[in-house]
Amino acid sequence: MRASSAGRVGKGSIATMANPPDRPRLTRKAYGYITRGTEVLLLVDLAGALAGARQIPGGTLEPGESPEAAVLRECFEETGLMGLQIAQYLGVRECPCPVHDDEWQERHYFHLLADPAPDATSWEHLEATPSDGSPPIPLQLTFVPLDGTTLDCLGDWGYFLPALAARLLPVREP
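In this report, we go over the structure that sits alongside the text. This structure is a prediction, so every number in the text was calculated from the model and none was measured.

## Some points on helix α3 (residues 161-168)
- Those residues of α3 that sit buried are L161, L164 and A165. Projection of α3 onto a plane perpendicular to its axis shows the buried side chains occupying an angular sector of 100°, all on one side.
- Looking at the buried positions of α3, the neighbouring elements they touch are β2 (25-36), β3 (39-45) and β7 (103-114).

## Remarks on the pairing of strand β6 (residues 84-96)
- Pairing of β6 with β7 involves 11 bridges; the strand directions are antiparallel. Residue pairing across strands places R93 opposite R107, the latter belonging to β7.
- Once β6 ends, the chain turns through 6 residues before running back antiparallel as β7.

## Quick word on unusual backbone geometry
- Along the chain, D115 connects to P116 via a cis peptide bond; the corresponding omega equals 10°.
- Mapping P116 onto the fold places it in the loop between β7 and β8 (122-127).

Rules used throughout
- Residues numbered from 1 in each chain as written.
- Predicted model: local features only at pLDDT ≥ 70, side-chain atom pairs only at ≥ 80, totals over all residues.
- Heavy atoms only, no water.
- Buried < 20%, exposed > 50% of the residue type's maximum accessible area, 1.4 Å probe, protein only.
- Helix = DSSP H or I, 4+ residues; strand = E, 2+ residues; numbered from the N terminus.
- Arc of directions from axis to C-beta.
- Contact = heavy atoms within 4.5 Å.
- Pairing = 2+ DSSP bridges.

Next comes the structure, spelled out in structure tokens:
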């Protein structure tokens, strides 16, 4: 897996990514760590292909869509949260798809804020339009405390959590 973090998504960060011949299909994705104070929103797919796995909101870029636009659209679709704003671009990683062996993914990660922040700590939401055309997927969403370590998430979805926690958590004196 390769990782890159730049201050902003741009042509250079994407142009350096190659799709090796042994990875026949490249899918571009955008994911958001939505925070409320020192908590991050995780979701559990209750009935889809990744049922039971802890993830972060996000998904596939539509043709011609920027990673910034995709993360805001996907996170709204999967959470129902209004007023999402990008706080920071965290980086990009390339990795195999956890569901399809013939797919390689370019994943852009963002730190997002909801304004206003939701009062609920946990709720269910229906993702009405999954990108694969499958029926709507029920999701369980829960804010969990950041503690500076990688939370138990499927695949590499927790990769940028330690850096995000370092930015959001107060410095502890020894």
